[in-house]
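# Topology and contacts: notes
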Amino acid sequence: MARDNWLSDYNGLVQLGDDVMERINERNRTLRNGGNPSKLAIGIRSMLNQYGKGLTKLKQDLTKASSSYHITDRELDRRQDMLSNLFSKQKQLNMSFQQEAGTDTSRGSLLQGGSGASGGSRSEETAYTRGQGNDELRVQHQLMIEEQDRGLEALSGALSRQKEIGLAIGDEVEYQNEVIDDLGHRVDRTNERLVKTTRKVKQVHMKASDKVSFCLVILLIIAIIVVGVVPT
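On a predicted model such as this, the values are computed, not experimentally measured, just so you know.

## Notes on the overall build of the chain
For the chain, the helix and strand inventory stands at 6 helices and 0 strands. Going residue by residue from the N terminus, the α and β elements of the chain occur as α-α-α-α-α-α. When the 232 residues of the chain are sorted by exposure, 27% land in the buried category.

The following block contains the structure:
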């Protein structure tokens, strides 16, 4: 059986989330001190991408473990709750990353990684975001968060269906076991009856053989008497 690395991967992702939060706080301190946090923002964005990929892998591994019944239903529910906490943590990290410490949200922060500096946010523009206002970017981010929520709900529904299927299979197996046990009892009773019937047949056969032998002896005695009495 393959080794279950889900919990170790989960712990690694929890540590990564703590590291990301620490970097975000460091970026905010740099902003408050008037520094340029562009390098920190790039590193945070990379760590967030890594965090998202790790979440996707955990979700896929949990789905595989559920469909192959490698874990119990109780453990599945526990891991599902743990995964939900990680998704909530991701949402919190993204929101913290998009906000600047002590100032209003800038266009750069709405672009997920802008430093708030005058020349930093322009360098993060893409063909897709160029020409859009801050309100439009906020709507896009809200849609992204809602999409993640829908994905989490879909995963929860899939896991619930897998659990229901597992319970149904368990009930069917239990019923089939009862049928097999009942069939075994019937076979045993039939075998006992067959043994008794065979014994009676043997007894009848033996009695019949004794009667035939007795009749032959009587006929032989009569024949001897007849031969002896009748003159030659």
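Structure shown, so let's carry the discussion forward.
## Overview of a positive patch on the surface
Positive charge collects at one region of the surface, where R189, R193, K196, R199, K200 and K202 lie side by side. Structurally, the position occupied by R189 is in helix α6 (residues 134-229).

## Some words on helix α1 (residues 6-32)
If you check α1, its first and last C-alpha atoms are 39 Å apart, about what 27 residues at 1.5 Å a residue would give, namely 39 Å. Within the sequence span of α1, burial applies to W6, Y10, L13, L16, G17, V20, M21, I24, R27, N28 and L31. The elements touched by buried residues of α1 are α2 (38-67) and α3 (73-98). Phi for G34, located one or two positions after α1, is positive at around 80°.

## Focus on the packing of aromatic side chains
In this description, a pair of aromatic rings is defined by centroid distance and the angle of the planes. Taken as a whole and assessed by the stated rule, the structure comprises 1 aromatic pair. Where W6 meets Y10, the ring centres are 5.8 Å apart and the plane angle is 5°; that geometry is what we call stacked. Residue W6 and its partner Y10 are both found in helix α1; the two are separated by 4 residues, about one turn of the helix. In terms of burial, W6 and Y10 fall into one category: buried.

## Remarks on a nonpolar patch on the surface
A surface patch of nonpolar side chains, about 1,000 Å² in accessible area, is lined by V212, F214, L216, V217, I218, L219, I221, I222, I225, V226 and V229. Its place among the elements puts L219 in helix α6. We classify L219 as exposed; its relative accessible area is 54%.

## Section: the pattern of salt bridges
In this structure the tally under the stated criterion is 7 salt bridges. Put simply, R78 and E75 hold a salt bridge, and the shortest N to O gap is 2.9 Å. Remark: E75 and R78 occur in helix α3; sequence separation between them is 3 residues, near one turn of the helix. In this structure R78 comes out as partly exposed when scored by relative accessible area, which is 39%.

## As for the confidence of the model for the chain
With 80% of its residues at a pLDDT of 70 or more, the chain shows a mean pLDDT of 80. Across the chain, α1 holds the top mean pLDDT of 93, while helix α5 (residues 120-123) sits lowest at 42. Considering only residues more than four positions removed or in separate chains, one finds that residues 113-124, a stretch of pLDDT under 50, has 19 contacts.

The rules we used
- Residues numbered from 1 in each chain as written.
- Predicted model: local features only at pLDDT ≥ 70, side-chain atom pairs only at ≥ 80, totals over all residues.
- Heavy atoms only, no water.
- Helix = DSSP H or I, 4+ residues; strand = E, 2+ residues; numbered from the N terminus.
- Buried < 20%, exposed > 50% of the residue type's maximum accessible area, 1.4 Å probe, protein only.
- Patch = residues over 30% accessible without salt bridge, like charges linked within 9 Å, V, L, I, M, F, W, Y side chains within 5 Å.
- Areas by Shrake-Rupley, 256 points an atom, 1.4 Å probe, with all protein chains shown as cover.
- Salt bridge = Lys/Arg side-chain N within 4 Å of Asp/Glu carboxyl O.
- Lys, Arg positive; Asp, Glu negative; His and termini not counted.
- Charge placed at Lys NZ, Arg CZ, Asp CG, Glu CD.
- Expected span 1.5 Å × (residues − 1).
- Contact = heavy atoms within 4.5 Å.
- Phe/Tyr/Trp six-rings, centres within 6.5 Å; stacked < 30°, edge-to-face > 60°.
- pLDDT = per-residue confidence, 0-100.

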